[in-house]
Protein chains: 2
Amino acid sequence: MNIKRIEDTLNEFNKIGYSRHGMNRLAFTKEEEKVKRVLIELCEKEGMEARIDHCGNVIMIKEGKNPNLAPVIIGSHLDTVYNGGQYDGSVGVGVGVEIICSINDRNIQPERRVELICFVGEEASRFGMGTIGSSAMAGKFDQEVMSRLTDQEGVSFPKAVENVELDFETIRLASREGERIHAFFEVHIEQGPVLENHQKKIGVVTAIAAPTRLKVTIVGKASHSGTTPMNYRKDALLGASEIALTVEEAAKLEAVNGTVATVGQCSVFPGAMNVVPGRAEMKIDIRGTNVESKQVVVLKLLECFKDLKNRRHLDIQYEYLVDKAPVKLDTKMINSLSTTCEELGVPHLQMVSGAGHDAMNMASICPTGLLFIPCKEGLSHHKNEFASIEDIAIGAQVLEHEILKSM
Amino acid sequence: MNIKRIEDTLNEFNKIGYSRHGMNRLAFTKEEEKVKRVLIELCEKEGMEARIDHCGNVIMIKEGKNPNLAPVIIGSHLDTVYNGGQYDGSVGVGVGVEIICSINDRNIQPERRVELICFVGEEASRFGMGTIGSSAMAGKFDQEVMSRLTDQEGVSFPKAVENVELDFETIRLASREGERIHAFFEVHIEQGPVLENHQKKIGVVTAIAAPTRLKVTIVGKASHSGTTPMNYRKDALLGASEIALTVEEAAKLEAVNGTVATVGQCSVFPGAMNVVPGRAEMKIDIRGTNVESKQVVVLKLLECFKDLKNRRHLDIQYEYLVDKAPVKLDTKMINSLSTTCEELGVPHLQMVSGAGHDAMNMASICPTGLLFIPCKEGLSHHKNEFASIEDIAIGAQVLEHEILKSM
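First things first, this report covers the structure right here in the doc. (Residues numbered from 1 in each chain as written. Chains lettered and ligands numbered in written order. Predicted model: local features only at pLDDT ≥ 70, side-chain atom pairs only at ≥ 80, totals over all residues. Heavy atoms only, no water.)

**Digging into the overall build of chain A**
Right, so step 1: Assigned secondary structure in chain A consists of twelve helices and 17 strands.
Right, so step 2: Reported as C-alpha extents along the three principal axes, the dimensions of chain A are approximately 80 × 45 × 40 Å.
Right, so step 3: Looking at chain A as a whole, 58% of its 407 residues qualify as buried.
Right, so step 4: Sequence separation of at least 24 residues holds for 80% of the intrachain contacts in chain A that already meet a minimum separation of 6.
Right, so step 5: For chain A, the accessible area works out to roughly 16200 Å², and carbon and sulfur atoms hold 47% of it.
Right, so step 6: Mean positive and mean negative side-chain charge positions of chain A (46 and 56 charges, respectively) differ by 4 Å. (Helix = DSSP H or I, 4+ residues; strand = E, 2+ residues; numbered from the N terminus. Buried < 20%, exposed > 50% of the residue type's maximum accessible area, 1.4 Å probe, protein only. Contact = heavy atoms within 4.5 Å. Areas by Shrake-Rupley, 256 points an atom, 1.4 Å probe, with all protein chains shown as cover. Lys, Arg positive; Asp, Glu negative; His and termini not counted. Charge placed at Lys NZ, Arg CZ, Asp CG, Glu CD.)

Now the structure itself:
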């Protein structure tokens, strides 16, 4: 592995969309197009051939000795959240570029075709829907749902893809469902503190947690904060506060099963200092790889709603925004990746992924492996997101070994 | 009292700034100027003389028999909050107009000069500062503080008063501090549910509660909602939730002392479904007529901050936005108004005012009486605010008796 070259590759990517507030290469924007172009140029120098599929995913191809064998794919993404970091996604693509370079350095022609894929639209920031490119490749593009999405400026998803010269009507054709694919590998920063706290260099992901997301509306009665006695109030914020604390309590009890739960959004209406809140809206994100454990948290939440209705006379409505099943990754891949780490003497940990990744879509069409590398203090989706080049190089080394072993 | 005439007067006021979302006659706007003009025309028809003071307050004068006697003043306001109701303020001015008309109907020339004042800028909605006109009249206009205020569109207070042809530099001259004033009376809707719940027609206000307001900032650490284990989190919203519930608990224990406390504003940052909140801001409004009781609530809040710091590792900053002393009204006035109610057979209640009123400023320069009339379900600052004309007429009747008695 050439540490300097990995650094240069990441720097090339991060020239695009850079600002002092963080990286901005949102899904299906000019910036994402530009960074895809940077990738293509880097890979063409290494003798790869570029193909863009119907969804805009970049597929770089290095042919193998035996054209009859199913390919091995390495992939991740280059889009970012608003004011994102320099490592989320980029690391996985950068590691892919480095592995190709390293194989070329050593004049190895692998048995199987190697593909390096840059998936488009992995981050949900722009359209509220993530892993769009890998969903399309896995044959899960839902035209009906996608046609209704708009970004914060009111640009519809079909219009946005048209602006980057894609045809909304043919995106479905990006599907590779049914195709023979030998293996898919992704390297990604952990986006959490577990590897750092355990002083491990690689996380071998066993399962990807799925979110169950609820939108909850609490309706009480707005009234004057100075003239409404405490016992006449129907304060929606107090209901929301109890809900937030219930979410935490339930998730803590389910921590043994790897479930986490968060209230990330909470808004109060009318939101004036002198008005008892009449309405509150919150969004709750429950994640885990254990479906029953997530359900336990939901049930405690429903009990809490009932109690608030009786005790505080609040009207509580809720709806599921998302309720996805977790993805268990291929056991053979997990074992093989762990063995590779051991062979290379890399301290590693089997762990679950709390966040969603392109790998979870690819797992539905081929054996899939996902490796995490540590990131500083678990910070991600932030301009100060950081992973050391040394740790990234270890990820590249492990994956190169694994790929050559699997040929 | 002429019920039809009271209704007509209020209708004349409420033609100005009417919309289906509520009344909009904000402080120091064209609409407030227009409604002042309506008032002046109504009063001039009744033979009163108009004067506008340096703050824009309208002072309508009916001369008394004896020019050496100190005047009796009736006053309230005609400005509204954003999308306000038709009764807050208007009722007090309308009652004043009706009393003048009624005295004229009966060809009574009172011993003392009677003034009817429409104070400007009573509502804090536009500049975050209320009872501006009556503050100026009571000699409490703070030029330094007022020069720094701006509205939501960025218009400064000095610019706003210039736009309605006032001179910011001379507003202080509106002060009547040191002048002999026999009595000041205000009638206002209660803006709370107490009179309605006790089936009383008049509230004789004994004291006006003062707000102690705190802005609290809770700083935790933003992190990924899927990848951050529960025990690694510093969730600012959970801290805010505990604070909100502590505020309620403390105020409930102090309810016997008439203290109320509210968290009316609570914002969460960054406010994304997939991010553990790193920061929360809340504004807390504690009101009461008992200074010690308000202090008990504040102390419990400070204890809670300390506990959250130790237990949740949250950094909590707070500042006082307002910390005012409550205003006790004149005991002789309270007794006299209560006796008048008894003489007229009007079911009444002595009570405190949770909201601030122009009367609290006038109380610092002369004996002051404040009467409440019931409003439906305590709803105020809302387009559906309602008080019955019959109840308003009872308020006018009580106040007319009181004024003639006090001459």
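**Here's the deal with the relation of the copies chain A and chain B**
Right, so step 1: If you rotate chain A by 180° and push it 0.1 Å along the axis, it lands on chain B with an RMSD of 0.1 Å. Taken together, these values place the two copies in the relation of a two-fold axis. Considering only C-alpha atoms, the part of chain A nearest the rotation axis is A:S241, at 2.1 Å.
Right, so step 2: When you check the interface residues of chain A against chain B, 100% turn up at the interface there too, and the contact is symmetric in its surfaces. (Least-squares fit on C-alpha atoms with pLDDT ≥ 70 in both.)

**Points about a negative patch on the surface**
All names here are of chain A.
Right, so step 1: A grouping of E41, E44, E49 and E63 is seen on the molecular surface, where their side chains present a negatively charged patch.
Right, so step 2: Inspection of the secondary structure puts E41 in helix 2 (residues 30-45).
Right, so step 3: Note on E41: relative accessible area 44%, which makes it partly exposed. (Patch = residues over 30% accessible without salt bridge, like charges linked within 9 Å, V, L, I, M, F, W, Y side chains within 5 Å. Salt bridge = Lys/Arg side-chain N within 4 Å of Asp/Glu carboxyl O.)

**Section: the pairing of strand 9 (residues 210-219) of chain B**
Residues and elements named next belong to chain B.
Right, so step 1: Most of strand 9 is tucked away, with eight of its ten residues classed as buried.
Right, so step 2: Examined bridge by bridge, strand 9 and strand 13 (residues 279-288) share ten bridges and lie antiparallel to one another. Residue pairing for strand 13: R213 is matched across the bridge by D285.
Right, so step 3: As defined by bridge partners, strand 9 adjoins strand 14 (residues 315-323) across eight bridges and the pair is classed as antiparallel. (Pairing = 2+ DSSP bridges.)

**Description of the interface of chain A and chain B**
Right, so step 1: Opposite the 54 residues of chain A that make contact, chain B presents 54 residues.
Right, so step 2: Where chain A abuts chain B, roughly 4500 Å² becomes buried across the two surfaces, and 63% of that area is made up of carbon and sulfur atoms.
Right, so step 3: Per-residue buried area on chain A facing chain B is highest for A:T227, A:M230 and A:M273; these three make up 16% of the total on that side.
Right, so step 4: Here chain A is connected to chain B by four salt bridges.
Right, so step 5: B:R312 is the partner of A:E248 in a salt bridge, and the nearest nitrogen-oxygen pair spans 2.7 Å.
Right, so step 6: Counting the contacts that link chain A with chain B gives 17 residue pairs in polar contact (both at pLDDT 80 or more).
Right, so step 7: Elements that contribute at least two residues to the side of chain A that touches chain B include exactly helix 7 (194-198), helix 8 (236-253), strand 11 (260-269), strand 12 (275-276) and strand 13 (279-288) of chain A.
Right, so step 8: Ranked by residue count, the leading element in the side of chain A that touches chain B is helix 8 of chain A, at nine residues.
Right, so step 9: For the side of chain A that touches chain B, the residue count by class is 25 nonpolar, 17 polar and twelve charged. (Buried area = accessible area lost by both parts, 1.4 Å probe. Polar contact = N/O pair within 3.5 Å; in protein donor to acceptor, adjacent residues only side chain to side chain. Nonpolar A, V, L, I, M, F, W, Y, C, P; charged D, E, K, R; others polar.)

**Comments concerning the sheet that holds strand 11 (residues 260-269) of chain B**
Adjacent strands of a sheet form backbone hydrogen bonds with each other and so pair up, either parallel or antiparallel.
Residues and elements named next belong to chain B.
Right, so step 1: Read across the sheet, four strands follow the order 11-13-9-14 without closing on themselves; strand pairing throughout is antiparallel. Across the chains shown, the open sheet's two edge strands, defined by having one partner strand only, are strand 11 and strand 14. The average undirected angle you get between the axes of adjacent strands in this sheet is 15°.
Right, so step 2: Note that strand 11 and strand 13 share nine bridges and pair antiparallel. Across the sheet, the residue bridging to V260 is R287, located in strand 13.
Right, so step 3: Together, strand 9, strand 11, strand 13 and strand 14 form the strand contacts of helix 9 (residues 291-312), whose direction differs from that of strand 14 by roughly 165°. (Axes fitted to C-alpha atoms, helices over the stretch in contact; angles between N-to-C directions.)

**Brief notes about the environment of B:V120**
All names here are of chain B.
Right, so step 1: Considering the arrangement of structural elements, one finds V120 in the loop between strand 6 (114-119) and helix 4 (132-137).
Right, so step 2: Exposure remark for V120: the relative accessible area of 1% places this residue in the buried category.
Right, so step 3: Sequence separation of V120 and L26 is 94 residues, and the distance between their C-alpha atoms is 9.5 Å.
Right, so step 4: Ignoring any residue separated from it by four or fewer positions in sequence, one finds V120 in contact with F28, E32, K36, C55, G56, N57, I132 and G133.

**Side note on the packing of helix 1 (residues 3-14) of chain B against helix 12 (residues 389-405) of chain B**
A pair of packed helices is characterised by two quantities: the angle between their axes and the separation of those axes.
All names here are of chain B.
Right, so step 1: The contact between helix 1 and helix 12 brings their axes to 10 Å, and the two run at 105°. Judged on the interaxial angle alone, helix 12 and helix 1 are roughly perpendicular. Along the contact surface, helix 1 presents I3, I6, E7 and L10, while helix 12 presents I389, E390, I392 and A393.
Right, so step 2: Considering only residue class, the contact of helix 1 with helix 12 consists of six nonpolar, no polar and two charged. (Parallel < 35°, antiparallel > 145°, perpendicular 65-115°, else oblique.)

**Overview of the pairing of strand 8 (residues 202-208) of chain B**
Residues and elements named next belong to chain B.
Right, so step 1: With six of seven residues buried, strand 8 is to be regarded as a mostly interior element.
Right, so step 2: The pairing of strand 8 with strand 16 (residues 348-353) spans six bridges and is classified as parallel. Considered in strand 16, the bridge of A207 is made with V352.
Right, so step 3: Bridge count for strand 8 against strand 17 (residues 368-373) is two bridges, and the pairing is antiparallel. Along strand 17, the bridge assignment pairs G203 with F372.
Right, so step 4: For strand 8 and strand 15 (residues 327-328), the ladder comprises two bridges, and the chain directions are antiparallel. Looking at strand 15, one finds that I208 is bridged to V327.

**Here's the deal with the packing of aromatic side chains**
For any pair of aromatic rings, the description rests on two quantities: the centre-to-centre distance and the angle between the ring planes.
Right, so step 1: Summed over all chains, the structure comprises 18 aromatic pairs over all chains.
Right, so step 2: Aromatic side chains A:Y87 and A:F386 sit 5.8 Å apart centroid to centroid with 75° between the ring planes, which places their arrangement in the edge-to-face category. A residue pair is termed long-range when its members are at least 10 positions apart, and A:Y87 in the loop between strand 5 (72-77) and helix 3 (90-105) and A:F386 in the loop between strand 17 (368-373) and helix 12 (389-405) qualify at 299 residues.
Right, so step 3: For A:F386, a relative accessible area of 38% corresponds to the partly exposed category.
Right, so step 4: Between the aromatic rings of B:F157 and B:F168, the centroid separation amounts to 6.1 Å while the plane-to-plane angle is 75°, which identifies the pairing as edge-to-face. Of this pair, B:F157 sits in helix 6 (residues 157-163) while B:F168 sits in the loop between helix 6 and strand 7 (183-189), placing them eleven residues apart in sequence.
Right, so step 5: When its relative accessible area of 0% is taken as the criterion, B:F157 is described as buried.
Right, so step 6: Three or more aromatic residues link up through ring pairs in this structure, and these residues are A:F28, A:F127, A:F141, A:F157 and A:F168.
Right, so step 7: Across from the ring centre of A:F269, 4.3 Å away, lies the NZ or CZ of A:R279, which sits over that ring. (Phe/Tyr/Trp six-rings, centres within 6.5 Å; stacked < 30°, edge-to-face > 60°. Lys NZ or Arg CZ within 6 Å of the ring centre and 35° of its normal.)

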